[in-house]
Structures are given as C-alpha cells and as structure tokens.
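Okay, here's what each chain looks like letter by letter:
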Amino acid sequence: MQIFVDTADLEEIKEAKSWGIVDGVTTNPSLIKKAVEKLKDKGMEMSMEEYIGEICRAVDGPVSLEVKGIKSDDMVREATILYEKFNHINNNVVIKIPISTAMNEGEELFEGVKAIKELSEKGIPTNATLVMTPCQALLAAKAGASYVSPFLGRVDDYIRERLGMKFDKWDIFDGKLLRSIEEKRREQKNSYDEASWISLSDEGIYDGVELVESIIKIYRAYNYKTKIIAASIRNAMQVRKVAEMGVDIATIPFKVIKEMVSHYKTMEGMCKFTEDVVDEYRAIFEQ
Ligand code: E4P
C-alpha cells in the first residue's frame, strides 16, 4: 500500500518525507487555507505559486492539487493552468476534481464527471474527490479518473450525525457494530414493512471502511485501472482495515501517521532495553 501525506503544510511534508515512507501528497482548498494561515502567522515569505512549486519539488510521487471552479469548462481550464504551472517541476501533478459540484438540489450534477472525462482524454491525470458512495466511484472510473478518493471519515461523520451521536473528529467508528444493532432491531419486527423502516446505514454503507471495501469489489469485477485512495482518514484503525483490504493508497494526516508508529508497550520496551544495556555490550560500540 502506498502512503500519501494528506496535508499542504510543507514542514509536515518534508518531515514525513524524511521518515522514508511517503509516496505522494494530497491537498485540497481547506488544507491550503490551513497552511497559508500558518505561513501568515510566521510571516509568509514566498508566493502561493512558489509554495506549491516547493511542495511538488519536495515529493517524488503524485501531488494532488484541486480546482476551485464548479462548471466543467472552468475546471478543465483551471486544471490545465495547474498542470502547466507545476507539472514541469517534478512531473507529478494530479488534478483533483469533485465527482459532483452541485451544492443544492436541482443544480447540475455531472460537471465533475464531464471534467474528469475531458481531462482524461487530454492525458491530464485526475483524482476524483469528495466520493461518498460506491456509485460515484463507479462513475469516476468510467470517466477515466486516474485516482478516486472515497472520504472515509466524512461518511462516518454523516452516519453518526444522522443518528444523533456525539463524537470527536478523530474517534473510531465501527460500522459492523451498527449493522448488528440494526439486525437486532429488525428481528423484533413482524413484517417487512415494519422492519424496512429501521435503517441505520447510508444506503447500505455502514461506515467509511465499508465504502472502500465496496469500491475495491466493483473495480476488481471490471478490472478498472483507477487507483483507490482511502481519504479523509481519522485514525490508525481505519488505515489497518483498508490495508487489509488491499487498497492501493491511503492518504493520511500527519497526526495519524504518527499514531501508526506509536504504542505504549513499544515505549515501555524501549525504556527497559535502554536501561538494561550492560557495560560489556556498550563496549562493542565504543571505538
Ligand atoms: C484528501 O484527498 C481529502 O481532501 C482529505 O482526506 C479530506 O479529509 P477531511 O475529511 O479530514 O477534511
């Protein structure tokens, strides 16, 4: 599994790269905003263009940069600008296009799909973003997206919000447990009509991890070449579960990459091993 770092913070990108485990970077407008705010606090010394150029230079692997438009033509134009400005630096730019740019009922739904199709025909690599359902991922693959980004954490948030649950952003959410609660509640009903009212999932998806599982199944069934990036990851447990499924890539926040290497017993073990070094053993290293 490839690991991308899910940040636009150059310091984080460089540090994660120094650990030797980073295969790419994903950004989005919110991550860019966060990075710009941090830079402004420190007295920003370079332009946005120079900054993004630095990100591309820092990573030997795909760097996803997102468009800001909502109409297909605008997104294709912006994608071309981003690609022309930054791809020559390290030949690693991928353009993030929202699978659908509609923000209200009744708005045009297919602008994202159309833009992905057009960019794929032009040979500009795309990452279909804001993917919340297996069907959106199917459409992304059909349009020729190079990557698809299912948003695990936001799907978990959506399910929990609809159920009125209280949670923190980084909390673990277990869709299997939710499914078993739903099954038990349904067993207590006597008819299909009564049982079918009890629905705790998001149209049959019980958590973000299950969304990834479903997309993997669909892509394998039709041998789609679109690579799956598990995105909107909130904890190391999600990373483990998508890795077990054989997802191509996980894009992981800096904080969660740190969580992946941490364990209480590893720290405790280090304390004991360090304490137990005897002089005879230490002498081997003294030259
Ligand atoms: C990366 O491609 C996504 O933009 C990112 O993972 C979204 O994460 P969030 O849901 O934590 O904002």
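Below you will find a few notes about this structure. (Residues numbered from 1 in each chain as written. Predicted model: local features only at pLDDT ≥ 70, side-chain atom pairs only at ≥ 80, totals over all residues. Heavy atoms only, no water.)

Inspection of every chain in the model, using the stated rule, returns 5 aromatic pairs. We note R160 situated over the ring of F167; from NZ or CZ to the ring centre the distance is 4.1 Å. The residue whose ring lies beneath K255 is W170, and the NZ or CZ to ring-centre distance is 4.6 Å. (Phe/Tyr/Trp six-rings, centres within 6.5 Å; stacked < 30°, edge-to-face > 60°. Lys NZ or Arg CZ within 6 Å of the ring centre and 35° of its normal.)

Turning next to the pairing of strand β1 (residues 2-6). Most of β1 is tucked away: 4 of the 5 residues are buried. Of the strand pairs in this sheet, β1 and strand β8 (residues 249-252) are connected by 4 bridges, and their pairing is parallel. Following the sheet pairing, I3 is matched in β8 by A250. With 3 bridges connecting them, β1 and strand β2 (residues 24-26) associate as parallel partners. Within the sheet, the bridge partner assigned to F4 lies in β2 and is G24. (Buried < 20%, exposed > 50% of the residue type's maximum accessible area, 1.4 Å probe, protein only. Helix = DSSP H or I, 4+ residues; strand = E, 2+ residues; numbered from the N terminus. Pairing = 2+ DSSP bridges.)

Of the volumes computed, that of the largest pocket is approximately 1200 Å³. Taken together, 35 residues line the largest pocket, and the ones lying closest to its centre are I99, S100, L130, M132 and Q136. A per-element tally of the lining of the largest pocket places helix α6 (residues 134-143) first, with 4 residues. Of the residues in the lining of the largest pocket, the class split is 18 nonpolar, 10 polar and 7 charged. Empty space within the second largest pocket amounts to approximately 530 Å³. (1 Å grid on protein atoms, 1.4 Å probe; cavity = no way out; pocket = protein on both sides within 12 Å on 5 of 7 lines; lining within 4 Å. Points joined across faces, edges and corners; volume = space filled by probe spheres on them. Nonpolar A, V, L, I, M, F, W, Y, C, P; charged D, E, K, R; others polar.)

You will see that L130, though not glycine, has its phi angle at about 60°, which is positive. Examined against the element boundaries, L130 turns out to sit in strand β5 (residues 126-131). Here the phi dihedral of N223 falls at roughly 55°; this positive angle occurs in a residue that is not glycine.

All chains considered together, the criterion is met by 1 cavity of 30 Å³ or more. Looking at the largest cavity, the residues that line it are D156, I172, F173, V209, N235, M237, Q238 and K241. Looking at the lining of the largest cavity, the element that brings in the most residues is helix α11 (residues 236-244), giving 3 residues.

For the rest of this paragraph, the subject is the sheet that holds strand β4 (residues 93-98). Around the barrel, 8 strands lie side by side as β1-β2-β3-β4-β5-β6-β7-β8; this closed barrel has parallel pairing. Strand-to-strand, the axes of this sheet are offset by a mean angle of 30°, without reference to chain direction. Two elements, β2 and strand β3 (residues 63-66), share 2 bridges in a ladder whose sense is parallel. Bridging from a neighbouring strand, T26 pairs with S64 of β3. (Axes fitted to C-alpha atoms, helices over the stretch in contact; angles between N-to-C directions.)

Locating E118 in the fold gives a position in helix α5 (residues 111-122). Taking the C-alpha atoms as reference, E118 lies 8.4 Å from A143; in sequence the two are 25 residues apart. For E118, the contacting residues outside a window of four places in its chain are S72 and V76. (Contact = heavy atoms within 4.5 Å.)

Honestly, that's just the spatial picture; any functional story needs more than this.
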